[in-house]
Amino acid sequence: MEILRFISHYGMHFLVPGIIAYIFYSAKWKKVWLIFILTMLIDLDHLLAVPFFDATRCSINFHPLHSYYAIALYTLLLIPSKTRVIAIALLFHMLTDYIDCFWL
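The structure presented is a predicted model; accordingly, all values stated were derived computationally and were not measured. (Residues numbered from 1 in each chain as written. Predicted model: local features only at pLDDT ≥ 70, side-chain atom pairs only at ≥ 80, totals over all residues. Heavy atoms only, no water.)

### Quick notes on the environment of Ile19
Link 1 in the chain: Here Ile19 is to be found in helix H1 (residues 2-24).
Link 2 in the chain: A C-alpha to C-alpha distance of 25 Å links Ile19 and Leu44, two positions 25 residues apart in sequence. (Helix = DSSP H or I, 4+ residues; strand = E, 2+ residues; numbered from the N terminus.)

### Notes on unusual backbone geometry
Link 1 in the chain: With omega at -10°, the peptide bond leading from Val50 into Pro51 counts as cis.
Link 2 in the chain: If you trace the backbone, Pro51 turns up in the loop between helix H2 (29-38) and helix H3 (68-76).
Link 3 in the chain: The backbone of Asn61 shows a phi angle near 65°, a positive value even though the residue is not glycine.
Link 4 in the chain: Along the chain, the position of Asn61 falls in the loop between H2 and H3.

### Some points on the layout of surface pockets
Link 1 in the chain: For the largest pocket, the calculated volume is near 480 Å³.
Link 2 in the chain: As for the largest pocket, its lining consists of 22 residues, of which His9, Tyr10, His46, Phe53 and Asp100 are closest to the centre.
Link 3 in the chain: With seven residues, H1 is the single largest residue contributor to the lining of the largest pocket.
Link 4 in the chain: When its residues are assigned to classes, the lining of the largest pocket shows 10 nonpolar, five polar and seven charged. (1 Å grid on protein atoms, 1.4 Å probe; cavity = no way out; pocket = protein on both sides within 12 Å on 5 of 7 lines; lining within 4 Å. Points joined across faces, edges and corners; volume = space filled by probe spheres on them. Nonpolar A, V, L, I, M, F, W, Y, C, P; charged D, E, K, R; others polar.)

### Some remarks on the side chain of His63
Link 1 in the chain: Within the element layout of this structure, His63 appears in the loop between H2 and H3.
Link 2 in the chain: Residue His63 is classed as buried on the basis of its relative accessible area of 2%.
Link 3 in the chain: Once you skip the residues sitting within four places of it in the chain, His63 turns out to touch Asp45, His46, Ala49 and Arg57. (Buried < 20%, exposed > 50% of the residue type's maximum accessible area, 1.4 Å probe, protein only. Contact = heavy atoms within 4.5 Å.)

### Quick word on helix H4 (residues 84-101)
Link 1 in the chain: For H4, spanning 18 residues, the distance from its first C-alpha to its last is 26 Å, which sits close to the expected 26 Å at 1.5 Å a residue.
Link 2 in the chain: Taken together, the buried positions of H4 are occupied by Val85, Ala87, Ala89, Leu90, Phe92, His93, Met94, Thr96, Asp97, Asp100 and Cys101.
Link 3 in the chain: On the buried face of H4, the contacting elements are H1, H2 and H3. (Expected span 1.5 Å × (residues − 1).)

### What about empty space enclosed by the protein?
Link 1 in the chain: Evaluation of the coordinates by the stated rule reveals two cavities of 30 Å³ or more.
Link 2 in the chain: Volume-wise, the largest cavity comes out at about 50 Å³.
Link 3 in the chain: Along its surface, the largest cavity is lined by Met12, His13, Pro17, Phe36, Thr39, Met40, Ala89, Phe92, His93 and Thr96.
Link 4 in the chain: Those elements giving two or more residues to the lining of the largest cavity turn out to be H1 and H4.

Okay, here's the thing in structure tokens:
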């Protein structure tokens, strides 16, 4: 079961964003996919936790950049067109981590 969790979690972090980028932004899909990948830098907030990795911990509303307040801010970033792709990437990251919580 753990291997399935691993594959689904990292597949949603790396492969699905590429598919989303290709389907919805075909003219610039590589750039959009890179933005999706770069938004994973929000996982640096895991370094603030003790221990910084815990396979049995849900990230949502535990880490500062995974908090409900941060998610609200990411939602607001959908409004300006210049930040929309970043917002979609951040919210998809939150969705991926939220789905991962169900495996616990």
